[in-house]
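Each chain, letter by letter, is given below.
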Amino acid sequence: MSITPPDPTLEAAARERLAGLATPAGALGRAGELGVRLSAMLGAVPPPELTDVRLVVFAGDHGVAAHGVSAYPAAVTPAMVRSLHAGTAGVSALACAHDVGVRVLDIAVDDDLDGLPAEVVAHKVRRGSGAIHLEDALTAEEVRRALEVGRAVAAEEVAAGAQVLISGDLGIGNTTPAAALVAAALGLPAEDVVGRGTGVDDAGLARKTEVVAQALRRAGDRTADPVDTLAALASADLAATTGFVLGAVEAGVPVVLDGLMSVACALTAERIAPGAAAWYVAGHRSTEPAQSLALEKLGLDPLLDLGLRLGEGSGAVAAVPVLRSAVALLRDVALLSDLLPG
C-alpha cells in the first residue's frame, strides 16, 4: 500500500507566495515552512482557516502494567476515561482553550465503564492486552479488528468535516509496548528506547527495560512485518491508533502527532503504507527517548518542546495555535508586490 502525497504543485505555489510576502526573506522561519506544507495538505493556496481540528483518544489497558513498569495502577485508566468524557482531563482544558473537538473511545480498557454512553464503548476490541514479554498482545483477528476500528473512526471524523486529526492515548503501561514498537521498527535494543513513562524510579526503569528486551526476544523475526509486530508487541488501542493514522492519510487529511504512543503508531503506519509520513506534523517533543528516535527516522522536527509527558494528545493540541499561526501568515500577510508603487 502506498500513499498519495500532498500536491507538489500546490506546495510550489505556496512557496512562491511565501517568497512574495511583505516580510524579509526567511523572517517567518519554520512558521513559513509549516504554512507551505499546510497549504499543500489542505489543498489550497493560500490555505483555508483551520476551523475544524479533532482529537480522538484511544483508551486501553496493557498486561505489562501488572509487572512493575508504571508508577500508577491500572485502575487509573477507567477513571481517566471518565474524566476525559466529562471534559475535566488535562487535554480537555487545552482543547477547550484551542477549539479542538475531543472524542474518547474505549478500545481495550479492562473495565465495563458502566454508565458511559454507547459511543464511548461501542468500539471495544477486548479487555486489556497481553503482557508482551510473556505472550502476544493480540491475536491476528484482534489486530485486524483494531485497525478497522481506527480507519472507520478516521473516516467518520473526515466525513464530519475534520480538516486536521490528532490521535491521543490513554492507558497505564502504554509507554512499554510503544517503546517496543519503536525498537522493533528501528532495530534498536531496549536500553536505547525505554524511558520513565509516568515517572518510574531507577528500579522501575530497569524492570521496564528488561520487559521490553524480553518482548523483543520473544517476538524475534516477526518484527520484520509491521502487522505481525502489532500482534506481538502492541495493544488493541495502539493498533486502533495505527489504523486511525492510516485512515487519515489515505483520505488526504494531515495528522498532528503527539507523544510516544502517537509517534510509535505513526511510525508503524509508515511501515505499513510508505509515504504516510508526508501527511504528518510533529506537535511536540516528549521526554521519552523512543519518541525522539522515531521522529528522527520520520524526518520530523517537533513544533514544541515543553517537557510534556501527559499523553492524551495534549502536546499536539498545545501545538494547534502554531498551525493556525502558520495558516494566518500565508493567508493574511500582504504581498510585497501589492504594496509597492508601479
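Our subject is the structure that appears above.
Residues numbered from 1 in each chain as written. Predicted model: local features only at pLDDT ≥ 70, side-chain atom pairs only at ≥ 80, totals over all residues. Heavy atoms only, no water.

### Digging into unusual backbone geometry
1) Next: The omega angle of the peptide bond from Val45 to Pro46 is -5°, so this bond is cis rather than trans.
2) Next: Within the fold, Pro46 resides in the loop between helix H2 (29-42) and strand E1 (53-60).
3) Next: Phi at Leu113 is positive, roughly 55°, even though this residue is not glycine.
4) Next: Locating Leu113 in the fold gives a position in the loop between strand E2 (100-108) and helix H5 (118-121).
5) Next: Residue Leu113 is classed as buried on the basis of its relative accessible area of 1%.
6) Next: Phi at Glu312 is positive, roughly 70°, even though this residue is not glycine.
7) Next: Within the fold, Glu312 resides in the loop between helix H13 (289-298) and helix H14 (314-318).
8) Next: For Glu312, a relative accessible area of 4% corresponds to the buried category. (Helix = DSSP H or I, 4+ residues; strand = E, 2+ residues; numbered from the N terminus. Buried < 20%, exposed > 50% of the residue type's maximum accessible area, 1.4 Å probe, protein only.)

### With respect to the pattern of salt bridges
1) Next: Inspection of every chain in the model, using the stated rule, returns 19 salt bridges.
2) Next: Here Asp110 and Arg127 are joined by a salt bridge, their closest N and O atoms 2.9 Å apart. Taken as a pair, Asp110 in the loop between E2 and H5 and Arg127 in the loop between H5 and helix H6 (140-159) lie far apart in primary sequence, 17 residues in all.
3) Next: With relative accessibility at 45%, the residue Asp110 sits in the partly exposed group.
4) Next: Ionic pairing is found between Arg126 and Glu142, a salt bridge with its closest N-O pair at 2.9 Å. Linking Arg126 in the loop between H5 and H6 with Glu142 in helix H6, this pair joins segments that are 16 residues apart in sequence.
5) Next: Of the residues examined, Arg126 reaches a relative accessible area of 24% and is grouped as partly exposed.
6) Next: Three or more residues are tied together by salt bridges with common partners; here these are Asp52, Arg54, Arg103, Glu156 and Glu157. (Salt bridge = Lys/Arg side-chain N within 4 Å of Asp/Glu carboxyl O.)

It is worth stressing that arrangement in space is one thing and function is another; only the former is reported here.
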